[in-house]
Amino acid sequence: MEALVGRRIRPLQALSPDMAEDEFGRRLTEQSLASNDGLHSLNRVLDSVRKYRRLVVRTIVVGALLAGVAGFLMSPSYIATAQLAVDVRQSGAADALNAGGASAAPTPAAEESTIDTHVTVLLSDAYLRRLLPTLRALEDARHGAETGSRTWMQSLRTLFRRTWSATKELLLGKNHEPDDGSALAALKRSLRVGQERRSRIIAVTSTASDPQRAAEIANTVAQSYVDEVARQKQSDVEYALSSLATQSSKVQRDLVKAEEELKASRLGKPSRDAALEWQVTTLAQQFETLLRRRQELIAKGLTAQSDVGLLATATPPERPTSLHPLLMVPPAAIIFALLACVLAVILNHFDRTLHTEADATEALRIPCAGLIPAIPLESGKQPHYVLEQPASLYARAIRSILVSILATDPATPRSQRVVLVSSSIGGEGKTTLAWSLGLYAARLGWRTLLLDFGQFARRPGSESANLLSVLAYGRPLADAIEHIHESGIDYLPATSLGGHRLRILADPKIPSLLRQLSDTYDFVIIDGPSLLEAPEARLLASWADHVLLAIRSGSTDREAAQTALRQLVRTEHLNPAQNTRFSSVFTRVESPQQDQFGERTQQLFKRTWGALRRRSKRAITWRMWGGDAIELKRSGSPKLNPRNWLRSD
């Protein structure tokens, strides 16, 4: 019990089965809502990528090509290294000799300080600035020797560098001739000097686009520093000799003067002899010491070596240290893929056109009868494609639309089928859809009539008789209808002048005429004009059993389609007895083979996500209120876990 003193232990609480089930259900609901939100967001992202997959693929390809071209145009990097050896003991012995003391072994702190001093001097602006003329002369000589031996890749890279430099100078307004400041900055960027681990070796590393240039810079910096240190040491020895010579001359003069005074004192006043003798002795010792030091410095200057020596010169590297240009392609492709996906999500957010069946159902609130794939044929041959290729995706889509029309009301006899095909604007593919439906219905053996209110120039027969002449001049209806033998379909043009559409639709004879045609034919298709070109075309909806609103995938605006549908729906009161059905049809949709990747990806993600959700639900343990393990059985009695009885907060 003493071990539990001062620790707060949570009391055990037994929960009723109803409370536990309610809490567990609430948690499952919250997890389900959160997972559904995440799945919905990810589905929107996948839909955006699939919708703009061409843009994504093109962006990735362009990014990869740009990365490859940039990699080949960029000059490779070469690294050359020269090594300097620092003699710390000799430097310490020289300092001790100059100070007049005995030579001693340097301490580790002194060694580190000496090496840091050399590194600092090698990277100093004053030292590197003195090397600029030498490096420029070497570069000019090398360029002059390599002018005629360059490859086409080197020439292209040189041209690219010059163009890039000229562009930067033009944008930034810099002079063409680089000054010493920019050259010094470029030299410092390409140069690295540092101690190799904890040794007495200093590495001088140079990076350049040319291997010979990299070796020249490293060797010039290292050799010049060795020569400069040697000259500095020789200068120090000469300065010390000069100083000793000056001191020796002064001590010699003082010694001669003291000796003369001593001789004079012995002749006149003997009492001063002791002081003068001590002075002469002292000056003589100083003079001998200075002479000995001078001889030692002369010997040291003749045999002394530099504190820093060139251990190894830099050789031109054979292989570049930069990455191969092809290795830049995968990272660039990944980066451009992410950018393309973000751009696709942004474009999809601001896109107001209809692309998929879900978009049309959400915007129009009407079912979608089918998806018509695009046909890569001339416009005049598109309707006959359904007869020439009966096993194609296009023919199957037309057959699916016919089934959707018949499945809306199975109780209605087939002779009552009057279908209006319309669109919000022109160019949506409604005429091709109307002809395809009529040709396929005729192929099934139905008596089919195509009433053309749209593309009058496409009438296959003569223009002597039409629906306007029947209503206005009382001509027989049979004279206006022309049978097309090769397709088995009857064709009835409305009028050759678009301005007479309203006159035809407002004629009181049109309802009885349409009923007559509906009784005569098994399938009547009305190719109506677009509502933007002819607003009066919405009157046709009141006499049709089914209205198909053609929507071009990725082209029809959402608001335009909604406006067209509202105009068609508002005419239902003109014929209350007619139960008109409305459906949308997507035209010029990409084939399922082209969209197979996106669909499979989405299906795979849905299956994976569902499996993870099911496994997570199975792995949920009945843990509540801070980790107290209370497992509820189906009987409702709580089962306590003894391992958590003494668990504190």
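Positions within a chain are numbered from 1, following the residues in the order the chain's sequence is written. With the structure being a predicted model, the display of local features is reserved for residues of pLDDT at least 70 and the display and counting of side-chain atom pairs for 80 or more, all residues being used for whole-chain, interface and lining totals. Side-chain figures throughout are based on the complete set of non-hydrogen atoms in the structure, without hydrogens or water.

**Description of the pattern of salt bridges**
Rules: The salt bridge definition used is simple: a Lys or Arg side-chain nitrogen within 4 Å of an Asp or Glu carboxyl oxygen. Runs of E in the DSSP output that reach at least two residues are strands. Runs of H or I that reach at least four are helices, and both are numbered from the N terminus.
Taken as a whole and judged by the stated rule, the model has ten salt bridges. Of the charged contacts in the structure, one is a salt bridge between R130 and E228, with a shortest N-O distance of 2.5 Å. With a gap of 98 residues between them, R130 in helix α5 (residues 125-145) and E228 in helix α8 (residues 211-267) connect regions that are remote in the sequence.

**Remarks on the sheet that holds strand β10 (residues 523-527)**
Quick note on the threshold: For two strands to count as paired, DSSP must find a minimum of two bridges between them. To get an axis, fit a line to the C-alpha atoms, keeping to the stretch in contact for a helix; angles then go from 0 to 180 degrees between the N-to-C directions.
Overall, mixed pairing links the eight strands, which are arranged β5-β12-β11-β6-β10-β7-β9-β8 in an open sheet. On the outer flanks of this sheet lie β5 (368-373) and β8 (482-484), each paired with one strand and no other. Taken over all neighbouring pairs, the strand axes of this sheet differ in orientation by 25° on average, direction set aside. Alignment of strand β6 (residues 417-423) against β10, held across five bridges, turns out to be parallel. Among the inter-strand pairings, V419 is bridged to a residue of β10, identified as I525.

**So, the nonpolar core**
Threshold: Throughout this description, the term nonpolar core refers to a set of buried Ala, Val, Leu, Ile, Met, Phe, Trp, Tyr and Cys residues connected via side-chain atoms within 4.5 Å. Only protein chains enter the area calculation, which uses a 1.4 Å probe; residues under 20% of their type maximum are buried, those over 50% are exposed, and those in between are partly exposed. In this description, contact between two residues means that some pair of their heavy atoms is separated by no more than 4.5 Å.
In this structure, F453, L467, L492, I504, L517 and I526 are the most contacted members of the largest nonpolar core, which totals 46 residues. Not counting residues within four places of it along the chain, the set of residues in contact with I504 comprises F453, L467, L468, L471, A494, T495 and I510.

**Here we look at the pairing of strand β1 (residues 78-86)**
Here β1 shows one buried face, formed by Y78, A80, A82, L84 and V86, and one open face, formed by I79, T81, Q83 and A85. Alignment of β1 against strand β3 (residues 201-208), held across eight bridges, turns out to be antiparallel. Residue pairing in the sheet places A85 in a bridge with I201 of β3. With four bridges connecting them, β1 and strand β4 (residues 308-312) associate as antiparallel partners. What sits directly across from A85, in β4, is G309.

**Brief notes about the packing of aromatic side chains**
The criterion, for reference: Centres within 6.5 Å are what make two rings of Phe, Tyr or Trp a pair, Trp counting through its six-membered ring; a difference in plane orientation under 30 degrees is then read as stacked, over 60 as edge-to-face, and the rest as tilted. Whether a charge lies above a ring is judged from NZ of Lys or CZ of Arg, which has to be within 6 Å of the ring centre and within 35 degrees of the ring normal.
Applying the stated criterion to the full structure yields three aromatic pairs. Ring centres 5.5 Å apart and planes at 25° place the aromatic pair W435 and Y491 in the stacked group. Highlighted residues: W435 in helix α14 (residues 430-443) and Y491 in strand β9 (residues 489-493), separated in sequence by 56 residues. Y491 carries the same exposure label as W435, and that label is buried. Over the aromatic face of Y521 sits the side chain of R447, whose NZ or CZ is 5.3 Å from the ring centroid.

**Side note on the environment of S77**
Of note, S77 is situated in the loop between α2 (53-73) and β1. With 134 residues separating them in the primary sequence, S77 and P211 have C-alpha atoms 8.1 Å apart. Discounting residues that sit within four places of it in the chain, S77 has contacts with T207, A208, P320, T321 and S322.

**A few points about a nonpolar patch on the surface**
Basically, it comes down to this: Distance thresholds for patches are 9 Å for like charges and 5 Å for nonpolar side chains (Val, Leu, Ile, Met, Phe, Trp, Tyr), applied to residues having over 30% relative accessible area and no salt bridge. Surface accessibility follows the Shrake-Rupley procedure with a 1.4 Å probe radius. Residue values consider only the protein chains on display as shielding.
Residues L42, V45 and V345 make up a contiguous nonpolar surface patch of roughly 180 Å² in combined accessible area. When you line up the elements, V45 lands in helix α1 (residues 17-51). By relative accessible area, which is 32% here, V45 ends up partly exposed.

**Topic: the pairing of β5**
Of all the six residues making up β5, five are buried; the element is thus mostly covered by neighbouring parts of the structure. For β5 and strand β12 (residues 581-589), the ladder comprises four bridges, and the chain directions are parallel. Its bridge partner lying in β12, L371 is registered against F586.

**Remarks on the environment of A369**
Positionally, A369 belongs in strand β5. Separated by 216 residues in the primary sequence, A369 and V585 have C-alpha atoms spaced 5.5 Å apart. Apart from residues no more than four positions distant in its own chain, A369 is found in contact with S400, I401, S404, L548, S583, S584 and V585.

**A few points about the side chain of D527**
For the record, the criterion: Counted as a polar contact is a pair of N or O atoms within 3.5 Å, where, for protein atoms, one must be capable of donating a hydrogen and the other of accepting one, and residues adjacent in sequence contribute only when both atoms are in side chains.
By secondary structure assignment, the location of D527 is in strand β10. By relative accessible area, which is 0% here, D527 ends up buried. Of note is the side chain of D527, whose polar atom sits 3.4 Å from the side chain of K430.

**Some remarks on the confidence of the model for the protein**
Spelled out, the test is: Confidence scores per residue from the predictor, reported as pLDDT, run from 0 to 100.
Across the protein, the average pLDDT comes to 75, with 68% of residues at 70 or higher. Note on residues 96-102: pLDDT under 50 across the span, and nine contacts to partners over four residues away in sequence or across chains.

**Digging into helix α11 (residues 357-364)**
Short version of the rule: Working note: the arc is built from the helix axis to C-beta atom directions.
For α11, every residue scored as buried is listed here: D359, A360, A363 and L364. Taken down its axis, α11 places every buried residue within 100° of arc, on the same side. Exposed residues pointing more than 90 degrees away from the buried face of α11 are listed as A358 and E362.

**Quick word on the environment of H546**
Secondary-structure assignment places H546 in strand β11 (residues 546-552). Measuring from C-alpha to C-alpha, the distance between H546 and I405 comes to 7.3 Å, with 141 residues separating the pair along the chain.

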